[in-house]
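Observations on chain architecture
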Amino acid sequence: MIISSEEACARLQDEFVVAVPTETVYGLAGRYDSIAACETIYSIKNRPRDNPLIVHIGSIEQLPLLTHCVTETHKKLIDAFWPGPLTLLFDALDSLPKTVTAQQKMVAIRMPNHPTFLEILKKTGPLVAPSANLSGRPSPTRPSHIEHDFGALFPVLDGGQCVCGLESTILSIGSSESCHILREGSVPRGEIEKIVPVKESPISCVVPGAKYKHYAPKTPLFPLGNTPVECVIGFKERRYRAQHVFVLGDSTEPEEVAKSLYSILRALDHCQFGKAYVDMDFPTEGLFSTIYERLSRALSCQ
Ligand code: TXA
Ligand code: MG
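Described below are features of the structure shown in this document. (Residues numbered from 1 in each chain as written. Chains lettered and ligands numbered in written order. Predicted model: local features only at pLDDT ≥ 70, side-chain atom pairs only at ≥ 80, totals over all residues. Heavy atoms only, no water.)

**Comments concerning the overall build of the protein**
Applied cut-off: For helices the rule is a DSSP run of H or I covering at least 4 residues; for strands it is a run of E covering at least 2, with both sets numbered from the N terminus onward. Restricting the calculation to C-alpha atoms gives the radius of gyration, and the globule rule supplies 2.2 Å times the number of residues raised to the power 0.38. For every residue, the accessible area (1.4 Å probe, protein chains only) is compared with the maximum for its type, and the residue is labelled buried under 20%, exposed over 50%, or partly exposed between those bounds. Any pair of residues with heavy atoms lying within 4.5 Å of one another is described as a contacting pair. Method for areas: the Shrake-Rupley scheme with a 1.4 Å probe, in which residue coverage is limited to the protein chains shown. This count recognises Lys and Arg as positive and Asp and Glu as negative, with His and chain-terminal groups excluded. To locate a charge, take NZ of a lysine, CZ of an arginine, CG of an aspartate or CD of a glutamate.
The helix and strand tally for the protein stands at nine helices and 14 strands. Since a compact globule built from 302 residues should have a radius of gyration of about 19 Å, the 19 Å found for the protein is in line with a globular shape. Out of the 302 residues in the protein, the part that is buried amounts to 56%. Of the contacts formed within the protein by residues at least 6 apart in sequence, a portion of 64% connects residues at least 24 apart. Summing over all exposed atoms, the protein offers an accessible surface of approximately 13,200 Å²; the carbon and sulfur share of this is 53%. Averaging the positions of the 30 positive and the 34 negative side-chain charges in the protein gives two centres separated by 4 Å.

**Here's the deal with the sheet that holds strand S14 (residues 276–278)**
Sheets are built from strands that pair by backbone hydrogen bonding, the pairs being arranged parallel or antiparallel. What counts here: Here a strand pair is declared whenever DSSP counts at least two bridges between the two strands. Each axis is a line fitted through C-alpha atoms, taken for helices only over the stretch in contact, and angles between the N-to-C directions span 0 to 180 degrees.
Reading across the sheet, the four strands line up as S11-S14-S12-S13 and stay open at both edges, with parallel pairing between neighbours. Edge positions in the open sheet fall to strand S11 (221–223) and strand S13 (242–249), since each of these has one partner strand only. Each strand of the sheet is rotated relative to its neighbour by a mean of 30°, with strand direction disregarded. With two bridges joining them, strand S12 (residues 229–235) and S14 adopt parallel strand pairing. Across the sheet, the residue bridging to Ile 233 is Val 278, located in S14. The sheet contacts of helix H8 (residues 254–271) involve S11, S12, S13 and S14, and relative to S13 the element is tilted by about 145°.

**Considerations on the site of ligand 1**
Quick reminder of the rule: We call a residue near a molecule or strand when any one of its heavy atoms sits within 4 Å of it. Two N or O atoms form a polar contact when they lie within 3.5 Å of each other; inside protein one atom must be a possible hydrogen donor and the other a possible acceptor, and for residues adjacent in sequence the pair counts only when both atoms belong to side chains. Under this grouping Gly is polar, as are all residues other than the nonpolar Ala, Val, Leu, Ile, Met, Phe, Trp, Tyr, Cys and Pro and the charged Asp, Glu, Lys and Arg.
Looking at ligand 1, there are 25 residues lining it, with Thr 24, Asn 51, His 56, Ser 131 and Ser 168 nearest. Between Thr 24 and ligand 1, the recorded distance is 2.7 Å, taken from a side-chain N or O atom to an oxygen atom. Arg 110 is positioned such that a nitrogen or oxygen atom in its side chain is 3.1 Å from an oxygen atom of ligand 1. Protein chains shield 97% of the accessible area of ligand 1, which is 680 Å² for the free molecule. In terms of residue count, the dominant contributor to the shell around ligand 1 is strand S6 (residues 106–110) (four residues). Here the shell around ligand 1 is composed, by residue class, of 14 nonpolar, seven polar and four charged.

**Let's talk about the nonpolar core**
Stated formally: What makes a nonpolar core is a set of buried Ala, Val, Leu, Ile, Met, Phe, Trp, Tyr and Cys residues whose side-chain atoms join them at distances within 4.5 Å.
In this structure, Leu 77, Trp 82, Leu 86, Leu 88, Leu 171 and Ile 192 are the most contacted members of the largest nonpolar core, which totals 44 residues. At the level of elements, helix H2 (35–45), helix H3 (72–81), strand S5 (86–91), S6, helix H6 (143–150), strand S9 (169–173) and strand S10 (179–183) are the ones that each hand at least two residues to this core. Filtering out sequence-adjacent residues up to four positions away, Trp 82 remains in contact with Ile 57, Ile 60, Leu 63, Leu 77, Leu 88, Phe 90, Ile 109, Arg 110 and Met 111.

**With respect to the pattern of salt bridges**
Quick note on the threshold: When a carboxyl oxygen of Asp or Glu is within 4 Å of a side-chain nitrogen of Lys or Arg, the pair counts as a salt bridge.
Following the criterion strictly, the structure yields 16 salt bridges and no others. For Asp 33, the salt bridge is made with Arg 31, and the minimal N-O distance between the two is 3.0 Å. Given a relative accessible area of 23%, Arg 31 falls into the partly exposed group. Through salt bridges with shared partners, a single network forms among Glu 167, Glu 293, Arg 294 and Arg 297.

**Structural notes on the packing of aromatic side chains**
Counted only if it meets this: Between rings of Phe, Tyr and Trp, where Trp is taken as its six-membered ring, a pair exists when centres lie within 6.5 Å; planes separated by under 30 degrees are stacked, by over 60 edge-to-face, and by other angles tilted.
As enumerated under the stated definition, the model contains six aromatic pairs in all. Consider the rings of Phe 282 and Tyr 292, whose centres lie 5.7 Å apart with planes at 70°: the pair is edge-to-face. On the criterion of sequence distance, the pair formed by Phe 282 in the loop between S14 and helix H9 (287–298) and Tyr 292 in helix H9 is long-range, its members being ten residues apart. Of the residues examined, Tyr 292 reaches a relative accessible area of 32% and is grouped as partly exposed. Ring pairs connect the aromatic residues Phe 235, Phe 282, Phe 288 and Tyr 292, which therefore count as one cluster.

**Description of the side chain of Thr 73**
Of note, Thr 73 is situated in helix H3. Thr 73 has contacts with Ile 173, Ser 176, Glu 177, Ser 178 and Val 196, leaving out every residue within four places of it along the chain.

**Some words on the side chain of Thr 290**
Secondary-structure assignment places Thr 290 in helix H9. In this structure Thr 290 comes out as buried when scored by relative accessible area, which is 2%. A polar side-chain atom of Thr 290 sits 2.8 Å from the main-chain carbonyl oxygen of Gly 185. Discounting chain neighbours no more than four positions away, the residues touching Thr 290 are Leu 166, Glu 184 and Gly 185.

**Points about the state of the cysteines**
Spelled out, the test is: By disulfide we mean two sulfur atoms from cysteines, separated by a distance within 2.5 Å.
Counted under the stated rule, the structure contains zero disulfides. Counting only cysteine sulfurs, Cys 38 is the nearest neighbor of Cys 9, a cysteine outside any disulfide, at a range of 17 Å. We note that Cys 69 lacks a disulfide partner, and the nearest cysteine sulfur, in Cys 179, lies 16 Å from it. With a relative accessible area of 30%, Cys 69 lands in the partly exposed category.

Laid out in structure tokens, this is it:
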């Protein structure tokens, strides 16, 4: 059910949960200081309780409500990327509800680059917003994806198709002037390295959410080999020996591919093929590294 921005604000202030657009993917928003709203989010997403929520802010003045520890490295990254698809970890204030951080000492924060959502955040104050999908399903990049997961009556603020199409990049900041990438995302590693050094992360250095199955269509998905197949997810300029091809975009246009990726994984399930194959033969540079990671996690044979 599409609702207006005013209604979204009113519902959020009353501690209800609403789906909102961001530049990355749609989020399931609720007040950060409402245990009821956070509980609703965990329960309707069927989200494991040890998987913390990202807090979104509408202005830098809202940061002290969540953390008092903003280092020089944080400041550089904030100046370079906020508002935008970069989430940073900070020491959480003790007063922050443990439902937000899932008992972790750190809180993940970002300022989204979406005019309507920013306006709402300025009125409501910080909002938690995990991606607005059922846990394990591809993130939603259009209102119809949310309707599919949560039903036609679920309140959605329509912001059209998300411009990035992939979730934010998540960084933890070390004690020296460096950072680790905990989740690849819409800001490629090379862009971050222009601002601060990125240290190689130990295998254990990932977001808690990474241990759960993600981004997967229900249709079993395999990497494309050399044999003819019924259904392929592939690139615009390539020819495939397949009866049906879902086109991600041009293999030299990562932004185009990122934007369509989750829509295509969802569209695949509507066609009810027994299985499908994806063309994984592309250089994994820049944003294509994130695309490769998401596709790898969507495969049935990981
Ligand atoms: O682009 C995005 O980041 C979207 C939009 C809606 O902002 N949000 C999003 O949220 O992708 P979600 O919940 O689907 O993914 C957030 C990830 C999870 O894997 C979670 O484990 C991690 O962020 N995370 C959240 N809080 C954390 C914390 N305090 N420490 C470490 N990881 C955290
Ligand atoms: Mg998610």
